[in-house]
Every structure is written in structure tokens, then in C-alpha cells.
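Analysis of the macromolecular model
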Amino acid sequence: MSAVAEAIGIARPHLSAVRNQPLLRPRGRPPLPDAELVADIRALVADLPTYGYRRVHALLRRQAEKTGRKAPNPKRVYRVMRAHGLLLQRKGERREERRHDGRVAVDLRNTRWCSDGLEITCDNGEKVRVAFALDCCDREAMGHVATTGGITAEDVQDLMVVTVEHRYGQVNRVPEPIEWLTDNGSCYTASNTRAFARGIGLIPLTTPVSSPQSNGMAEAFVRSLKRDYVRVNPRPDAQSVIDQLPGWFAHYNEVHPHRALRYRSPREFIAKTCEALSGL
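All of these numbers come straight from a predicted model, not from anything done at the bench.

The subject of this paragraph is helix α6 (residues 153–168). The first and last C-alpha atoms of α6 sit 22 Å apart over 16 residues, in line with the 22 Å expected at 1.5 Å per residue. Restricting attention to buried positions, one finds in α6 the residues Ala153, Val156, Gln157, Leu159, Met160, Thr163, Val164 and Arg167. Looking straight down α6, one finds that the buried residues subtend no more than 155° of arc, so they occupy a single side. Glycine 169 occupies a position one or two residues after α6 and carries a positive phi of about 80°.

Encoded structure:
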């Protein structure tokens, strides 16, 4: 002992005290049991295999609110999903993209709506083309049209009517002017489409040429629809896809957590907003 103390340059009594001191208890609380949480997570990702840990946590929090339980911490959800191989696979390096400085989102509902389209290829080679409309505040998918042909100006006008009726019922014109943001597709820029929009109180706006990011909210919805619904559901032919579309849109509105809405679904966000306004 003396030789060791002399070699490392400390007093022998101090070295003896350090050697004989009791082992320190680990700090913090013991880890919570994970079996129940793992079972809940597996049940969710079995139906929603494209959801990452943040959306899974949002759904677990929603379940906890309904049952009166304490919601798990998001870091714990991440740890458990990582330990059991339930995290999404990371994508490769992102390519540099053009960025648009304009802000698509708005702070009030029914002040700006955006619209875009997408194409879904079926197993038999048929294609379904879908156009939709979103509110740029609450992200609700308010209406859609689907066809096996191209989206025409008449289809866009039908979409406008469906969207207005969804928000206001059977009216000829919206109470206050609402911006209608789209890309430069011919079905949107047609003179009769723009005239029809103005006639029902919509203000047609188009994005700058070669800048699809200017309608980024609609672009993000297209990615979500393809990733979370189209790719994980059967699509043998066009009619089967068209039949599933209402269910996909309903699930998106009622269940799909959205980061910009603090991981609430559009309908949850609308209900919370209405509740807060009624309490004023």
C-alpha cells in the first residue's frame, strides 16, 4: 500500500480510505418496465408501419388522455422503439433542394386554401389521378376528386364546390374572400376555372414557375398520402383505389398526427381551437 501511495503521489491514509469506501448507489429512478409499452407500440406500428417515434408518441399520448393514464415520455418511446427494432429505417442523404422563402401556412382558418394533385399507379397498370384541397391553417383535407383520366378544369371546379360546401354548407359564395393557392397546372390556370373561383369568393393564386416548394403544404400532403396510405394498402385496380380514398382522407383528418399542429390530427386541432375560442 505504501509503495503504491508513494508511486502515485498521494497520502497512504487517503488511498486506504478510497479503497475501502462503499460502492455508490446508482443515481436516478430505476427504469420503468417496458413490456406494456412495447405491446402498445407494436399494436400501433402493425397498422401504421410508416409512423416514426414522434407520431407513435402522439398516438400513445392520445390513448393516455382518453383513459386517464400518464402519457409516456417521447424519449422513452424512442429508446424502447430503438431497443426493439421498431424505428423507421433512415433514408439516404437528402439532395439539396430549392427553397422558397414565402410562408404558405396562415394563422386563421378559412383565409387560405391550397390545392394540388397526384397520380396513383395500380397493379394492373391503371392510373388514378386525384386532386384535393387543404386549409393552410388546420391542414384539414376538405375535399377531393378522383378520375382515371386527367384532372380537368371542370374537375377543379367540382373540387371548389365540394370544399366550400364542406366548410359552409349549401351557399353560393363564401362569406369572406379566401385565397386559393395552386401550382401552374392547366386545370388551375384555365380562364373558366379562375372565373368560377372568383364567382364563389375565392382568390386564385399560383406559385412562381419552377418553384413547387411555394405550395409546400400540398406537396407535403402528397408525400404523406403516398407514404402512409398508398404504399401500404392494396391497389389492384383503379376502382379499388377510388373506393379506398374516402377512408384514407378520413383517417388523415381524424388520426394522422401533424408536427406543425403539435402532433395533433387536423380535426383534433380544430376541436381544440374551437374549445379555446368558446372559453374566451
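Mapped onto the fold, glutamine 157 is located in helix α6. Overall, glutamine 157 belongs to the buried group, its relative accessible area being 15%. When sequence neighbours within four positions are dropped, the list of residues in contact with glutamine 157 reads Asn192, Thr193 and Phe196.

In this structure, asparagine 110 takes a positive phi of about 60° despite not being glycine. Along the chain, the position of asparagine 110 falls in the loop between α5 (74–83) and β1 (112–121). Given a relative accessible area of 18%, asparagine 110 falls into the buried group. Despite not being glycine, arginine 262 has its phi angle at roughly 60°, a positive value. Assignment of secondary structure puts arginine 262 in the loop between α10 (238–254) and α11 (266–278).

Relative to the helices and strands, valine 164 resides in helix α6. On the accessibility criterion, valine 164 (4% relative accessible area) is buried. As for valine 164 and valine 174, which are separated by 10 residues in sequence, their C-alpha atoms are 7.0 Å apart. When neighbours within four sequence positions are excluded, valine 164 is seen to be in contact with Trp113, Gly169, Val171, Val174 and Ile200.

The next subject is the packing of helix α3 (residues 35–47) against α5. With their axes 10 Å apart at the nearest point, α3 and α5 run at an angle of 80° to one another. The orientation of α3 with respect to α5, classified from their angle, is roughly perpendicular. Only Arg76, Val77, Val80 and Met81 of α5 make contact with α3, whose side of the interface consists of Leu37, Val38, Ile41 and Val45. Partitioned by chemical class, the residues of the contact of α3 with α5 number 7 nonpolar, no polar and 1 charged.

What counts and what doesn't
- Residues numbered from 1 in each chain as written.
- Predicted model: local features only at pLDDT ≥ 70, side-chain atom pairs only at ≥ 80, totals over all residues.
- Heavy atoms only, no water.
- Helix = DSSP H or I, 4+ residues; strand = E, 2+ residues; numbered from the N terminus.
- Expected span 1.5 Å × (residues − 1).
- Buried < 20%, exposed > 50% of the residue type's maximum accessible area, 1.4 Å probe, protein only.
- Arc of directions from axis to C-beta.
- Contact = heavy atoms within 4.5 Å.
- Axes fitted to C-alpha atoms, helices over the stretch in contact; angles between N-to-C directions.
- Parallel < 35°, antiparallel > 145°, perpendicular 65-115°, else oblique.
- Nonpolar A, V, L, I, M, F, W, Y, C, P; charged D, E, K, R; others polar.

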